[in-house]
Structure formats: structure tokens, C-alpha cells
Amino acid sequence: MMQNWDKLEYDFGSVPSKMRLNTSFSYLSTKKIKDIKSSCSCVSTRFKNGTLVVDWEFKNKKEAYQSYKYVTVTYEDRTFDVLKLTAFINGQS
């Protein structure tokens, strides 16, 4: 089965709090995308010319924690992909 994206997961590693992270996913398929939704209002997406750009903004948090966010891409044939973002927020600003 062909993969629709160049990757399904991106790990930012250890990052300071109060920061904006971004990455991109390249779309490899010709299936028509119906909808793109993120699991949190802190994650925004832009899809243009076969590239999905994802911005993830952290609010000011003093404690360290592991964080996971998801972007669900739904296709017109009712299938979907879940793209996973992970980061360890190290509590430093």
C-alpha cells in the first residue's frame, strides 16, 4: 500500500517552552483531501502545492513534560491519515 505522506510522525526533540515550532509534510498521493483538522487550537495547518505546513505554538509553561499533538487528514473516499507531532517541553524559556 502506498503511503500518502513522506512521513507520518515528526519529533521536535527537547524544546524550550513559550515557542513556536513548525515542520512540513509532503503529500505523495493523488487522493482528494476533504478535510484537515488538528487536535488542538495550538496547532495550525496550511496545505498548498502538495505541502502541509504545521505550526505548533506552546504557551508559557514552567514544568517539563512530553507533549503529543495530531493532525487528521480525511480524504473524499472516507479514509484518513493521522500525522503525529511529539516534543519534550523542557520547562526553560
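Scroll up a little and you will see the structure.
S.K.: Looking at this model, I keep getting lost on the state of the cysteines. Mind explaining?
M.R.: Think of a disulfide as a covalent bridge from one cysteine sulfur atom to another cysteine sulfur atom. Considering all chains together, one arrives at one disulfide under this definition. Here Cys 40 is linked by a disulfide to Cys 42, with a sulfur-sulfur distance of 2.4 Å. Of note, the bridge from Cys 40 to Cys 42 carries an S-S torsion of about 130° and is right-handed in sense. By relative accessible area, which is 21% here, Cys 40 ends up partly exposed.

S.K.: Just checking my understanding: could you explain unusual backbone geometry for this structure?
M.R.: Negative phi characterises most residues that are not glycine, and trans characterises most peptide bonds. Residues other than glycine seldom take positive phi values, yet Lys 18 does so here, at roughly 55°. In this fold, Lys 18 is placed in the loop between β1 (9-15) and β2 (20-26). The exposed category is assigned to Lys 18, whose relative accessible area is 58%. Its identity as a non-glycine residue notwithstanding, Arg 78 has a phi of 75°, on the positive side. Tracing the sequence through the fold places Arg 78 in the loop between β6 (65-75) and β7 (80-89). Using a relative accessible area of 77% as the deciding quantity, one classes Arg 78 as exposed.

S.K.: Explain the pairing of β6 to me, please; I cannot follow it from the model alone.
M.R.: For a regular strand, the rule is simple: side chains alternate between the two faces of the sheet. Pairing analysis gives five bridges linking strand β3 (residues 33-38) to β6, with the strands arranged antiparallel. For Asp 35, the partnering residue across the bridge sits in β6 and is Thr 74. In terms of strand pairing, β6 meets β7 through 10 bridges, oriented antiparallel. Bridge pairing in β7 places Thr 72 opposite Val 82. With antiparallel pairing between neighbouring strands as the criterion, β6 and β7 make up a hairpin whose turn holds four residues, including Arg 78 at a positive phi of roughly 75°.

S.K.: Mind showing me how you'd approach the side chain of Ser 29 here?
M.R.: Among the structural elements, Ser 29 can be located in the loop between β2 and β3. Reaching out from Ser 29, the side chain makes a polar contact with the side chain of Asn 4 at a distance of 3.3 Å. A polar atom in the side chain of Ser 29 sits 3.1 Å from the backbone nitrogen of Lys 31.

What counts, and at which threshold
- Once a new chain begins, its residue numbering starts again from 1 and follows that chain's sequence as written.
- Given that the model is predicted, a residue must reach a pLDDT of at least 70 before its local features are reported, and side-chain atom pairs must reach 80 or more before they are shown or counted; all residues, however, enter totals for whole chains, interfaces and linings.
- By convention in this description, side-chain values take in all heavy atoms of the structure and omit both hydrogens and water.
- Two cysteine sulfurs form what is called a disulfide whenever their separation falls within 2.5 Å.
- With a 1.4 Å probe rolled over the protein chains alone, any residue whose accessible area is under 20% of its type maximum counts as buried; one over 50% counts as exposed, and the rest are partly exposed.
- Each helix is a run of DSSP H or I of at least 4 residues and each strand a run of E of at least 2, with the numbering of both proceeding from the N terminus.
- In this scheme, strands are said to pair when DSSP sees at least two bridges between them.
- N or O atoms closer than or at 3.5 Å make up a polar contact, with two conditions inside protein: a donor-capable atom paired with an acceptor-capable one, and, for residues adjacent in sequence, both atoms drawn from side chains.

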